[in-house]
Amino acid sequence: QGSAVLVTPALLQELAMPSPRSLINAAGVALTRNDTKLAYKYMSRWQTDPRAYCNMGLIYLALGNRDKAEVYLQMAGAAGVPQALKAIKELLGK
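Novice: Before we go on, may I ask you to explain the overall build of the chain in this structure?
Specialist: Of the regular secondary structure elements, the chain holds six helices and zero strands. When the helices and strands of the chain are listed from N to C terminus, the series reads α-α-α-α-α-α. A total of 94 residues make up the chain; the buried ones form 30% of that total. Across the chain, contacts joining residues at least 24 apart in sequence account for 28% of those joining residues at least 6 apart. Here the chain has roughly 6,600 Å² of accessible surface; of this, 56% comes from carbon and sulfur atoms.

Okay, here's the thing in structure tokens:
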């Protein structure tokens, strides 16, 4: 005998939701296309997730907010993201 699974609206919504990783990756693609509005839309729910720090820094850098960009890139660098360290050097002109 197989076990039954109760399909609820909450379960359907959970299954339909993209994972944080896929949204963070989608934001990275949007950034490569200079679409900061779309990138921010993908990232808005995940901006406190360490996996999103580098993209958030790049978004704020593209928007001209150097202070927020530096904060996010520093956090990404501390989390071990090598691209963030490179971006910080360029941001600070080193």
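That was the structure; now back to the text.
Novice: Quick question: what am I supposed to make of the packing of aromatic side chains here?
Specialist: The description of an aromatic ring pair rests on the distance of the ring centres and on the angle between the ring planes. Scanning all chains against the criterion turns up two aromatic pairs. Measuring from ring centre to ring centre gives 6.0 Å for Y53 and Y72, while their planes differ by 55°; the resulting arrangement is tilted. Of the two residues, Y53 is situated in helix α4 (residues 53–62) and Y72 in helix α5 (residues 66–78); the sequence distance between them amounts to 19 residues. Residue Y53 is classed as buried on the basis of its relative accessible area, which comes to 14%. On the basis of relative accessible area, Y72 is assigned to the buried category, the value being 12%. Ring centres of Y60 and Y72 lie 5.8 Å apart, and the angle between their planes is 15°; on these two criteria the pair is classed as stacked.

Novice: Please explain the environment of E70 as it appears in this structure.
Specialist: Checked against the element boundaries, E70 lands in helix α5. Beyond its immediate stretch of four places on either side in the chain, E70 contacts L91 and L92.

Novice: Before we go on, may I ask you to explain the side chain of T36 in this structure?
Specialist: For T36, the location among the structural elements is in helix α3 (residues 36–43). Setting aside its immediate chain neighbours within four residues, T36 contacts L31, I59, A62 and L63.

Novice: Any chance you could explain the packing of α4 against α5 here in plain terms?
Specialist: Helices that pack against each other are described as a pair by the angle of their axes relative to one another and the distance between those axes. Relative to each other, α4 and α5 sit at 160°, their axes nearing to 7 Å. Regarding the angle of α4 to α5, the classification is roughly antiparallel. In the packing of α4 onto α5, the handedness of the crossing is left-handed. Side by side, α4 and α5 meet where Y53, C54, M56, G57, L58, Y60 and L61 of the first sit next to K68, A69, Y72, L73, M75 and A76 of the second. Its residues assigned to classes, the contact of α4 with α5 comprises eleven nonpolar, one polar and one charged.

Novice: Before we go on, may I ask you to explain the packing of helix α2 (residues 20–32) against α3 in this structure?
Specialist: It is at 8 Å that the axes of α2 and α3 come closest, and there the two elements cross at 170°. Our classification of the angle between α2 and α3 gives roughly antiparallel. The residues of α3 that touch α2, namely those facing L23, I24, A26, A27, A30 and L31, are T36, L38, A39, Y42 and M43. Classifying every residue of the contact of α2 with α3 gives ten nonpolar, one polar and no charged.

Rules behind the numbers
- Residues numbered from 1 in each chain as written.
- Predicted model: local features only at pLDDT ≥ 70, side-chain atom pairs only at ≥ 80, totals over all residues.
- Heavy atoms only, no water.
- Helix = DSSP H or I, 4+ residues; strand = E, 2+ residues; numbered from the N terminus.
- Buried < 20%, exposed > 50% of the residue type's maximum accessible area, 1.4 Å probe, protein only.
- Contact = heavy atoms within 4.5 Å.
- Areas by Shrake-Rupley, 256 points an atom, 1.4 Å probe, with all protein chains shown as cover.
- Phe/Tyr/Trp six-rings, centres within 6.5 Å; stacked < 30°, edge-to-face > 60°.
- Axes fitted to C-alpha atoms, helices over the stretch in contact; angles between N-to-C directions.
- Parallel < 35°, antiparallel > 145°, perpendicular 65-115°, else oblique.
- Left-handed = near helix turned anticlockwise from the far one by under 90°.
- Nonpolar A, V, L, I, M, F, W, Y, C, P; charged D, E, K, R; others polar.

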